[in-house]
Amino acid sequence: QVQLVESGGGLVQAGGSLRLSCAASGRTFSTNAMGWFRQAPGKEREFVSSIDWSGNLRNYADPVKGRFTISRDNAKNTGYLQMNSLKPEDTAVYYCAVGRSYRNTGPSDFPSWGQGTQVTVSS
């Protein structure tokens, strides 16, 4: 299994940017897909973005298309989520996860999870 630790969350103004990092430990990180999910209070955990093992194929949820960019550096065992043009609706706890395919968007398809990092966007 892979251990994941998110960082980079914080409080930002609407329209601002933030970059989240996902530090992974374990040799299987580089051979598996990585995903980002978010969960706001009282809401279901929501798919945000995913990337395949090679970093060449990406998937984005409609609300973040054109604003967020997912990437990974397998040599550093680290994944990233660059968030631009942030909106108050983006406020949530963001989770990094590892799964078998970037095509999967359900939380149950990602066996390994980090503890999350809080992102708060003020209006």
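This one's a predicted model, so the numbers in the text were calculated from it and none came from an experiment.

K.L.:
In this structure, what is going on with the state of the cysteines? I would like to understand it.
P.N.:
A covalent bond between the sulfur atoms of two cysteines is referred to as a disulfide. What the rule picks out here adds up to one disulfide. The disulfide partner of Cys22 is Cys96, and the gap between their sulfur atoms is 2.0 Å. Taking the sign of the S-S torsion, -75 degrees for the link of Cys22 and Cys96, the bridge is left-handed. Of the two residues, Cys22 sits in strand S3 (residues 18-25) while Cys96 sits in strand S9 (residues 92-99), which places them 74 residues apart along the sequence. Cys96 matches Cys22 in its accessibility class, with the two residues each being buried.

K.L.:
Help me out: how do you make sense of the pattern of salt bridges in this one?
P.N.:
Two side chains that carry opposite charge are able to pair once their charged atoms sit near each other. The full count for this structure, using the stated rule, is four salt bridges. In this structure, Arg38 and Asp90 form a salt bridge, with 2.9 Å as the shortest nitrogen-oxygen distance. Residue Arg38 is found in strand S4 (residues 33-39), and its partner Asp90 is found in the loop between strand S8 (78-83) and S9; the two are separated by 52 residues along the sequence. On the basis of relative accessibility, which here comes to 6%, the residue Arg38 falls in the buried class. Asp90 sits in the buried class, given a relative accessible area of 1%. Here the salt bridges share partners, and the residues they tie into one network are Arg38, Glu46, Arg67 and Asp90.

Thresholds, definitions, all that
Residues numbered from 1 in each chain as written. Predicted model: local features only at pLDDT ≥ 70, side-chain atom pairs only at ≥ 80, totals over all residues. Heavy atoms only, no water. Disulfide = S-S within 2.5 Å. Helix = DSSP H or I, 4+ residues; strand = E, 2+ residues; numbered from the N terminus. Buried < 20%, exposed > 50% of the residue type's maximum accessible area, 1.4 Å probe, protein only. Salt bridge = Lys/Arg side-chain N within 4 Å of Asp/Glu carboxyl O.

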